[in-house]
Amino acid sequence: MDPGEKQYTTNFEIGGPLDGSAIGVVVESASEHLPLGATVRHRLGWREYAVVDETAVTVCDLAKAPAVSWLSSMGQTGFTAYAGLLPVGQLAEGETVLVTGAGGAVGSMVGQFARLLGAGRVVGSAGGVEKCAWLRDECGFDEVIDYRNTDFREVLPTAAPDGIDLFFDNVGGWQMVSAFHNMKIQGRISMCGAVSNFGSQQQPSLAELIEVVLRRITIRGFIVRDFEHLRPEFEERVSGWLASGQLVDRATIVDGIENAGAGLEGLLNGANLGKALVRLSD
Ligand SMILES: NC(=O)c1ccc[n+]([C@@H]2O[C@H](COP(=O)([O-])OP(=O)(O)OC[C@H]3O[C@@H](n4cnc5c(N)ncnc54)[C@H](OP(=O)(O)O)[C@@H]3O)[C@@H](O)[C@H]2O)c1
């Protein structure tokens, strides 16, 4: 929300629609590519009606995935997980993967994609008993650390006893530092985000980075839009996993623009499971 330069979103404008991918149904059309009744995804913000250019929308094939999935597993957050694991993280069969923020939109896909792509052990961190149980029991994580109720640093060595090959970081801060200490020599880190920066929590010192030297770790930050060329293969794979029932795609949906504020708070206080969405109308 701050006025600084944005890398993968645009600044909010007072009085303007909120930024973010949106899905809707075509109610009027002058394009043969966008027939009436088609479900489309666009980036013109959250609005009841939008006038869109046919080149600026994605037609969502509901035979491949339900509408909600085109914003989650088949949308930007699923694509972020895919990019961070494969081209950035170079995930290989049998590897141990740690993902922080595992109960969120990106994290819940990272753990499941990693398993489907052949990871040997998938470990996550999330806040709260219910969220951790969901990730273990339904999403197939091998181990999930409830960082809100246990000491993450203490539990991590037991959760990944042979060390971590690939660490997908959504959280930063102290969880990232704990991960440094449990990486294998020459392990890899995909740096996706740092949601712990948004709070008032005290952040670790840069001196902690010495562990990256000692363990010869490669850290690579990434922005998903640099991988657009992989979009077709990503959609092909994920729609296949959805169709075969191998992928759990859960969203927390808030009804009405008037409740969007509470939905946003849910991103930070752990209330949301999976992708957070706002439904503007039926
Ligand atoms: N690099 C890119 O191209 C790219 C693209 C999309 C998103 N991102 C980044 O990826 C990250 C995840 O995005 P998302 O869409 O998955 O968000 P999300 O759905 O809101 O999930 C974030 C998760 O972080 C956890 N969390 C919140 N505050 C925390 C804290 N202080 N410490 C530890 N965990 C905390 C939340 O639940 P619990 O506390 O209950 O675990 C939540 O599950 C964000 O940092 C986002 O900016 C990057």
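All figures in this text were calculated on a predicted structure; none of them were measured in a lab.

Relative to the elements of secondary structure, Val144 occurs in strand S6 (residues 143-146). Here Val144 falls in the buried class, since its relative accessible area comes to 6%. With residues near it in sequence (within four places) discarded, Val144 still touches Gly124, Ala126, Cys132, Leu135 and Arg136.

Our focus in this paragraph is the sheet that holds strand S2 (residues 39-42). Pairing in this open sheet of three strands is antiparallel, and the strands run S1-S2-S3 from one edge to the other. The two strands at the open ends of the sheet, each matched to only one other strand, are strand S1 (22-25) and strand S3 (58-59).

Let us now look at the side chain of Glu95. Mapping Glu95 onto the fold places it in the loop between helix H1 (76-88) and strand S4 (96-99). Dropping the residues within four chain positions of it, Glu95 is found in contact with Gln90, Ala119, Gly120, Arg121, Asp165 and Arg188.

So, about the site of the ligand. As a matter of local geometry, the ligand sits amid 28 residues, with Val106, Lys131, Tyr147, Arg148 and Val224 nearest to it. A distance of 3.3 Å separates an oxygen atom of the ligand from a polar atom in the backbone of Gly104. A distance of 3.5 Å separates an oxygen atom of the ligand from a polar backbone atom of Ala194. At the level of elements, H1, helix H2 (105-116) and helix H8 (260-269) are the ones that each hand at least two residues to the shell around the ligand. Tallied by class, the residues present in the shell around the ligand amount to 14 nonpolar, 12 polar and two charged.

On to helix H5 (residues 173-180), then. Most of H5 sits out of view: seven of its eight residues are buried. Among all positions of H5, only Gly173, Gln175, Met176, Val177, Ser178, Ala179 and Phe180 are buried.

Two numbers describe how helix H4 (residues 152-159) lies on H5: the axes approach to 10 Å, and their chain directions differ by 40°. The orientation of H4 relative to H5 falls into the category oblique. Once H4 is placed against H5, the crossing between them reads as right-handed. Residues Phe152, Arg153 and Leu156 of H4 form the contact with H5, whose participating residues are Trp174, Gln175, Val177, Ser178 and Ala179. Residue composition of the contact of H4 with H5, by class: five nonpolar, two polar and one charged.

Attention shifts here to unusual backbone geometry. Residue Gln186 is not a glycine yet carries a positive backbone phi of 65°. Inspection of the secondary structure assignment puts Gln186 in strand S8 (residues 183-191). For Gln186, a relative accessible area of 59% puts it in the exposed group. If you check the backbone angles, Arg216 has positive phi at about 50° while not being a glycine. Structurally, the position occupied by Arg216 is in the loop between helix H6 (210-214) and strand S9 (218-221).

Definitions and limits used
Residues numbered from 1 in each chain as written. Predicted model: local features only at pLDDT ≥ 70, side-chain atom pairs only at ≥ 80, totals over all residues. Heavy atoms only, no water. Helix = DSSP H or I, 4+ residues; strand = E, 2+ residues; numbered from the N terminus. Buried < 20%, exposed > 50% of the residue type's maximum accessible area, 1.4 Å probe, protein only. Contact = heavy atoms within 4.5 Å. Pairing = 2+ DSSP bridges. Near = heavy atom within 4 Å. Polar contact = N/O pair within 3.5 Å; in protein donor to acceptor, adjacent residues only side chain to side chain. Nonpolar A, V, L, I, M, F, W, Y, C, P; charged D, E, K, R; others polar. Axes fitted to C-alpha atoms, helices over the stretch in contact; angles between N-to-C directions. Parallel < 35°, antiparallel > 145°, perpendicular 65-115°, else oblique. Left-handed = near helix turned anticlockwise from the far one by under 90°.

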